[in-house]
Amino acid sequence: MKLFLFVIGTVLGSFLCLCAERVPKKESVIFGRSRCSYCHHPLSVKELIPLLSIIRQRFRCLHCGRALAFRYFFIEFLVGSLFVVFLSERSLILFWQLFWLLSTLVLAVIDCDTYLVEERIFLSTSLFLVAGGLILHQPIYWWQPLILLLCSSVLQRYLPDSLGMGDVWLTAVWSLLLTGYKLLVLLFIASGSGLLFFMIQRIRQKPLREVPFVPFLFCGLLVVLLSLKKA
Ligand SMILES: [Zn+2]
């Protein structure tokens, strides 16, 4: 059963990578064959097997020979593992939490590429997330987004451009569904890991235009949801 969940997860992971690449370009995620991002050669079935194809090809495109991003492998493996962790028990709440993580993962990949929180994915998945929370009788902390937006507008006034508004809105939606303590833990992990990444890049002398923050929010969310699962 766990192997089955893992395999299904890797397939979905592969599809999420495709969504993250195509949605910002306003391309269809259903129609159109998968192609190499560099030479645009259509990929055959044997090049589309999650995890295995990329290992067999030694992380290179079979047609142009250019190195394929490690993130395809990482995301397929991550989504496979999340499927095992969150779907091994039959629980609608765990299913809802998995949806939360996966929608954030897509936003995180797009943020890495474009430094933007993709609006359409953000709005549609937020709607499902909050509706799911209400249907599953999760507590809704409606005042927290108000406090968060107020704090961020004060910060924006004194430290302009210190926050991306997309990150603020994303956190505001999440603050509806998490206790104040969990939210603080999440923001602490996200800021800490973001700062660590920034320092490592400085040491490696790789100048950064800006740091995409959604990947770090994803790390914080993952830790918080895993701790809820154990509780
Ligand atoms: Zn290629």
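Fair warning: this is a prediction, and the values are worked out from it, not measured in the lab.

1. Re the domain arrangement of the protein
Interface size is commonly expressed as the accessible surface area that is lost when the partners come together.
In step 1: According to the domain assignment, the protein consists of domain 1 (1-88) and domain 2 (119-231).
In step 2: Measuring from the centre of the C-alpha atoms in domain 1 to the corresponding centre in domain 2 gives 26 Å.
In step 3: On the side of domain 2, 7 residues touch domain 1, which itself brings 6 residues to the contact.
In step 4: For the domain 1 and domain 2 pair, buried surface summed over both sides reaches about 550 Å², with 80% attributable to carbon and sulfur atoms.
In step 5: The tally of links from domain 1 across to domain 2 stands at 0 salt bridges.
In step 6: Where domain 1 meets domain 2, there are 1 residue pair in polar contact (both at pLDDT 80 or more).
In step 7: A per-class count over the side of domain 1 that touches domain 2 returns 5 nonpolar, no polar and 1 charged.

2. Side note on the coordination of the zinc ion
Put simply, a metal with four donors set out as a tetrahedron has ideal angles of 109.5 degrees, and one with six donors set out as an octahedron has ideal angles of 90 or 180 degrees.
In step 1: Listed as protein donors to the zinc ion are Cys36 (SG), Cys39 (SG), Cys61 (SG) and Cys64 (SG); their distances from the metal cover 2.3 Å.
In step 2: Geometry at the zinc ion is tetrahedral, judged from its 4 donor atoms and the angles of 103 to 121° they form at the metal.
In step 3: All donor residues of the zinc ion come from one chain, and their arrangement in sequence is C-x2-C-x21-C-x2-C. With cysteine 39 in the loop between helix 1 (2-22) and helix 2 (52-56) and cysteine 64 in the loop between helix 2 and helix 3 (70-87), the pair connects residues that are 25 residues apart, well separated along the chain.
In step 4: The exposure class of cysteine 39 is partly exposed, given its relative accessible area of 33%.

The rules behind the values
- Residues numbered from 1 in each chain as written.
- Predicted model: local features only at pLDDT ≥ 70, side-chain atom pairs only at ≥ 80, totals over all residues.
- Heavy atoms only, no water.
- Domains from an automatic or database assignment.
- Contact = heavy atoms within 4.5 Å.
- Buried area = accessible area lost by both parts, 1.4 Å probe.
- Salt bridge = Lys/Arg side-chain N within 4 Å of Asp/Glu carboxyl O.
- Polar contact = N/O pair within 3.5 Å; in protein donor to acceptor, adjacent residues only side chain to side chain.
- Nonpolar A, V, L, I, M, F, W, Y, C, P; charged D, E, K, R; others polar.
- Donors = N, O, S within 2.8 Å, 3.2 Å for Na, K, Ca; no water.
- Tetrahedral: all angles 85-135°; square planar, octahedral: opposite > 155°, others 65-115°.
- Helix = DSSP H or I, 4+ residues; strand = E, 2+ residues; numbered from the N terminus.
- Buried < 20%, exposed > 50% of the residue type's maximum accessible area, 1.4 Å probe, protein only.

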